[in-house]
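Chain by chain, the residues run as shown.
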Amino acid sequence: MRFKFSIVALLLEVIIIVLFGIFVKYEDGDHSQILYPIFQDVHVMIFVGFGFLMTFLKKYGFSSVGISMLIAAFGLQWGTLMQGFWHMQGGKIHVNSKSIINSDFSTATALISFGAVLGKTSPLQMLILTILEITIFACNEHLVTEVFQATDVGASMTIHAFGAYFGLAVTLVLYRPGLKKKHQNEESTYQSDISAMIGTLFLWLFWPSFNSAIASGSVFYIKAIVNTYYSLAACTVVTFAFSSLLDQRGKFSMVLIQNATLAGGVAVGTCADLSIHPFAAMCIGSIAGIISVFGFHFLTPLLASKLNIHDTRGVHNLHGLPGILGGIAGIVVTTINEENSQGIPFTPGMQAAALGSTIGIALAGGAVTGGILKLPFLGQISDQNCFDDSVFWEVPEEKKPHEIHSNNYDEHSRFEAIM
Amino acid sequence: MRFKFSIVALLLEVIIIVLFGIFVKYEDGDHSQILYPIFQDVHVMIFVGFGFLMTFLKKYGFSSVGISMLIAAFGLQWGTLMQGFWHMQGGKIHVNSKSIINSDFSTATALISFGAVLGKTSPLQMLILTILEITIFACNEHLVTEVFQATDVGASMTIHAFGAYFGLAVTLVLYRPGLKKKHQNEESTYQSDISAMIGTLFLWLFWPSFNSAIASGSVFYIKAIVNTYYSLAACTVVTFAFSSLLDQRGKFSMVLIQNATLAGGVAVGTCADLSIHPFAAMCIGSIAGIISVFGFHFLTPLLASKLNIHDTRGVHNLHGLPGILGGIAGIVVTTINEENSQGIPFTPGMQAAALGSTIGIALAGGAVTGGILKLPFLGQISDQNCFDDSVFWEVPEEKKPHEIHSNNYDEHSRFEAIM
Amino acid sequence: MRFKFSIVALLLEVIIIVLFGIFVKYEDGDHSQILYPIFQDVHVMIFVGFGFLMTFLKKYGFSSVGISMLIAAFGLQWGTLMQGFWHMQGGKIHVNSKSIINSDFSTATALISFGAVLGKTSPLQMLILTILEITIFACNEHLVTEVFQATDVGASMTIHAFGAYFGLAVTLVLYRPGLKKKHQNEESTYQSDISAMIGTLFLWLFWPSFNSAIASGSVFYIKAIVNTYYSLAACTVVTFAFSSLLDQRGKFSMVLIQNATLAGGVAVGTCADLSIHPFAAMCIGSIAGIISVFGFHFLTPLLASKLNIHDTRGVHNLHGLPGILGGIAGIVVTTINEENSQGIPFTPGMQAAALGSTIGIALAGGAVTGGILKLPFLGQISDQNCFDDSVFWEVPEEKKPHEIHSNNYDEHSRFEAIM
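Residues numbered from 1 in each chain as written. Chains lettered and ligands numbered in written order. Predicted model: local features only at pLDDT ≥ 70, side-chain atom pairs only at ≥ 80, totals over all residues. Heavy atoms only, no water.

**Regarding the relation of the copies chain B and chain A**
Link 1 in the chain: Superposition record for chain B on chain A: RMSD 0.0 Å, screw rotation 120°, translation along axis 0.0 Å. Taken together, the rotation and translation relating the two chain copies correspond to the operation of a three-fold axis. Among all residues of chain B, the one whose C-alpha sits closest to the rotation axis is Pro37(B), at a distance of 3.7 Å.
Link 2 in the chain: Interface residue correspondence from chain B to chain A reaches only 6%, placing this contact among heterologous pairings that use different surfaces. (Least-squares fit on C-alpha atoms with pLDDT ≥ 70 in both. Contact = heavy atoms within 4.5 Å.)

**Topic: the pattern of salt bridges**
All names here are of chain A.
Link 1 in the chain: For the structure on display, the rule yields 6 salt bridges over all chains.
Link 2 in the chain: Measuring nitrogen to oxygen at the nearest pair gives 3.2 Å for the salt bridge that ties glutamate 187 to lysine 58. One end of the pair, glutamate 187, is in the loop between helix 6 (156-173) and helix 7 (190-213); the other, lysine 58, is in the loop between helix 2 (35-53) and helix 3 (61-85), with 129 residues separating them in the sequence.
Link 3 in the chain: When the shortest N-O distance is used, the salt bridge between aspartate 383 and arginine 176 registers 2.7 Å. Of the two residues, aspartate 383 is situated in the loop between helix 13 (348-373) and helix 14 (401-418) and arginine 176 in the loop between helix 6 and helix 7; the sequence distance between them amounts to 207 residues. (Salt bridge = Lys/Arg side-chain N within 4 Å of Asp/Glu carboxyl O. Helix = DSSP H or I, 4+ residues; strand = E, 2+ residues; numbered from the N terminus.)

**Focus on the interface of chain B and chain A**
Link 1 in the chain: Between chain B and chain A, the contact holds 62 residues from the first and 58 residues from the second.
Link 2 in the chain: In this assembly, chain B packs against chain A so that about 5300 Å² is buried in total across both faces, 74% of it on carbon and sulfur atoms.
Link 3 in the chain: Where chain B packs against chain A, one counts 0 salt bridges.
Link 4 in the chain: Put simply, chain B and chain A have 18 residue pairs in polar contact (both at pLDDT 80 or more) between them.
Link 5 in the chain: Residue assignment for the side of chain B that touches chain A shows that the elements contributing at least two residues are helix 1 (2-23), strand 1 (24-26), helix 2 (35-53), helix 3 (61-85), helix 4 (97-117), helix 7 (190-213) and helix 14 (401-418) of chain B.
Link 6 in the chain: Sorting elements by how many residues they give to the side of chain B that touches chain A places helix 3 of chain B first, with 12 residues. (Buried area = accessible area lost by both parts, 1.4 Å probe. Polar contact = N/O pair within 3.5 Å; in protein donor to acceptor, adjacent residues only side chain to side chain.)

**Concerning unusual backbone geometry**
All names here are of chain C.
Link 1 in the chain: Of note, histidine 277 is a non-glycine position whose phi angle comes to about 80°, a positive value.
Link 2 in the chain: Following the sequence through the fold, histidine 277 ends up in the loop between helix 10 (263-267) and helix 11 (278-307).
Link 3 in the chain: Within the chain, asparagine 308 stands out as a residue other than glycine whose phi angle is a positive 60°.
Link 4 in the chain: Along the polypeptide, asparagine 308 turns up in the loop between helix 11 and helix 12 (315-336).
Link 5 in the chain: The class for asparagine 308 is partly exposed, based on a relative accessible area of 26%. (Buried < 20%, exposed > 50% of the residue type's maximum accessible area, 1.4 Å probe, protein only.)

**Observations concerning the confidence of the model for chain A**
Residue and element names in this part refer to chain A.
Link 1 in the chain: The predicted model of chain A averages 91 in pLDDT, with 92% of residues at 70 or higher.
Link 2 in the chain: A low-confidence stretch, residues 400-419 (pLDDT under 50), is modelled with 20 contacts involving residues beyond four sequence positions or located in other chains.
Link 3 in the chain: Across the interface, the model reports ipTM at 0.93; the global pTM reads 0.94. (pLDDT = per-residue confidence, 0-100.)

**With respect to the state of the cysteines**
All names here are of chain C.
Link 1 in the chain: Counted by the stated rule, this structure contains 0 disulfides over all chains.
Link 2 in the chain: In this model cysteine 283 remains outside any disulfide bridge; the closest cysteine sulfur is found in cysteine 271, 12 Å from its own.
Link 3 in the chain: By relative accessible area, which is 29% here, cysteine 283 ends up partly exposed. (Disulfide = S-S within 2.5 Å.)

Following this line, the structure appears as structure tokens:
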């Protein structure tokens, strides 16, 4: 890993800097200062929210928060270019408050897919995944918003469903029969569950900004904020209720509170800025919570055992199903209401096309990406090294003195295993 | 607990959604985009601040951060309705940037009271408490601001003193003689004390937004920000000084740094937007810090041993006494200065009436609520199960192999104890 | 410590309040509401960012987060006065949104220096350091911006380089030969490294606000935001690459990810608001990352062993060297471009003078401060008590029963050691 990762990362960074030198310039006269606080909310979600949400694994906290940071820092540069190429003016990509929000958004797809393969890939594989996924995402986003002219303000389809199904396809292709039996490291500790709540809460809090960020160009989209606020609140109460209901002893499950409480933000995304009425937003949020809880309880184990799809963080339940729900809500709302953007009406047909194309492109793109990640050059960690930071990180010793010797031996053999 | 909690929570959520459908609509032409960043600061305080502040207990972190989230998510919906009923226009409750700040505010009362009973109540009891407290809060707030026309911009009285004395009355009624001797779980660990500082710091940081949020309708209230900023800074220095001074060996106490440093924000609340001069704000903050430190040191043990008021998080010292100090400061300032709101002068008499009514209504409301929470239907956890997440949460095993069997047995008997 | 710290802290607070009463007044007609969200971002960096970044030490988390809070709360009051004395109007210091940003900024210098002496000083010493450093900082800042009329919008020189070299001079003067061999407490744990990432991420996220805060008076400085955003992103990728490259087994090092990823924000500071083009910002960020990684790997051990400069947190690599790089970038940019502020051009000569004076004044000021901190009155903790919270804090017991007795004995003797 030593040279491969470093050389690939540096090479990519040099290429990106050169491309920035050729194509990128500041937006002249950008006064969209109203967007900057919203950008910062999204920025917290990307770096703190996603990073800490994944720290629930007991021995994978360094990677969760560290590799998330790498993916996001790398991805936002790549995203600037990929999204920018679709919107060039005079051969230049103009960066401003709005474009950096979109750059952050593009990294969310890779971070969602990271959740599906969490613990089973190397940093080098994640760099490659980030490049491929953001490239395909930018194309699909162009298709959805420019060709189909569909609405998806909170990106239920283009980010959440896309990232989830892309990641599920990758994890299917990378399937490891050796992990059929649950890995001993694939569990949380008391402290790691509390760390993960830092991620959950910052995602939960700032989701109204996420769903209103693209809408708020020059007008302030209070509807997107209000709808998301109440959708998440209803979703949270319903999640607590069903979490207790599905447990034999009526106990709450941390994995559900960490994840399913957020499904309301995902599901209300597509029609967040439409006049759907707050109570409809709350219904969408409640249904999302129920779907997400049932997904974690029944579907995730089923996918793993029957379809060989091992989804570490359960992104299908937080981003996949609620993303589809969001897409369907968009179809329903555009059927009932006449909603439009600058005079161009949204149609249920185009909304359905957007949803279908997103899932199709995500699955196909993920499958191809998974195949590329299997290339021998990229290396694969062994099954027993999965979910373990010490393969890629210097980890402080917390062993008792008599255990240190054998541990060093383990590390040595681990390192050979990945070479 | 399994069915009771779930059914009550779902029933309440359905009722709320129906009420939203009937009464709530978007505010037309809401352009108060200046309020949105301030709303987000308050939002962080409610969800991250209060949640993490309470994680100091060694075995109660899941409940601290999780049940806080439940209370806040549920309470903000209920608060929208309760506050909205007092301000309906054309039979409708209009939601906008300002109303969602107020909804968040209303949940703060329940979160403060949660601190007083922390570790001794069930999630179902907390749902009931939240409904009752927010309902009574909305009435008292109407009394203070509309009937008495008193000023309380940072809600020293209507939120902090109210929440504290409500919670103290509840904990008195729910008094458990079996906890007279300190429970072995009612203490912190090194790590839980650091987690709690996440809560403290985010509360401390964003308090200027809390105290200026209601003021900032269309004008930007720099006075409320500056006064709170310097009050908290002075309070923090004084808290460190007295924390060391009161310890035999001159050591700082984490419980004081986590809590008393915030008293300056509470106490300056009532007159935060008045022209009191920064140095007066700093005096208020310093006095608040001293009162809070002495409260933790001398009063909390006394209340527990003499008056049977067991205040787990010491909310009396952070919200109760500093809230009263804020109310008194309001009386003093309106006596000295002629301050007014839109031409209507604030009078010391009305300020005093506001303070008195708030404490009276909080104590009475809390006592009644405590009585209701004692109803056998709601269940009571046993004394030995207090301050322990594993009663209501699936908690990761961190025991050594030979202890697992006996632990399972314990959990089983614990579960029977609450049935 | 008991009385000394408390009396000095209270005395200083009283003096500050009196000075506020005499000199400070609200800014009339301050409508710079655009600055408030940016202030809050900076505020998070100061209190959460710096505080948690230093929690990496396994037994020094209370001090890291607690004493940082004390330094910042005390320092922002002192900074208001010291900076204000240079800008009085009618004999008064006017406080507004911009001045509280500057007050927060001034504390950053003391927090950076705290990193250099982390674990080796007492709270009383840190109070004295804060007073002296902020006083000297305000003078140097005046020299740089008013006398030399140099540009340093993100304070690469006046805050970062200044704070680092000030701290290095202090730690040199306070050199402890007894710590030549690495202290057993001077290391991290798995959990403390994750806590430190909370600090890193909040610093990383909000750095665009830090670098644009002073610029954004009435105009919105998108350039400062964009340049910082891309500089940090490039720096992060490069840091990961070199972290792996320099490790024998290709593993990432947490200390580098926690620190060197931020160097891009420091280095781009001086010319953040100039038209340097995003790709140049990325080059500056990349070079900063490389310098910082090499500094941690080679320079920090060398400084400690050869020059008796023991820099606990490695502030030289995060703030010192990247700060100098920022100063040099400023010289280069003002040589190439004609940049000016309100018609007055920036000149490379003045930029060089600013850089030189900053480092000179920091080193001299730090040396004098170190000498003062050695005064017997202020006390010194013994070498074996370094990096240990329990000297100044009540720390929860986490020992097994049979160890408690001997531990109490240790604490007793420790206490005697500092008397």
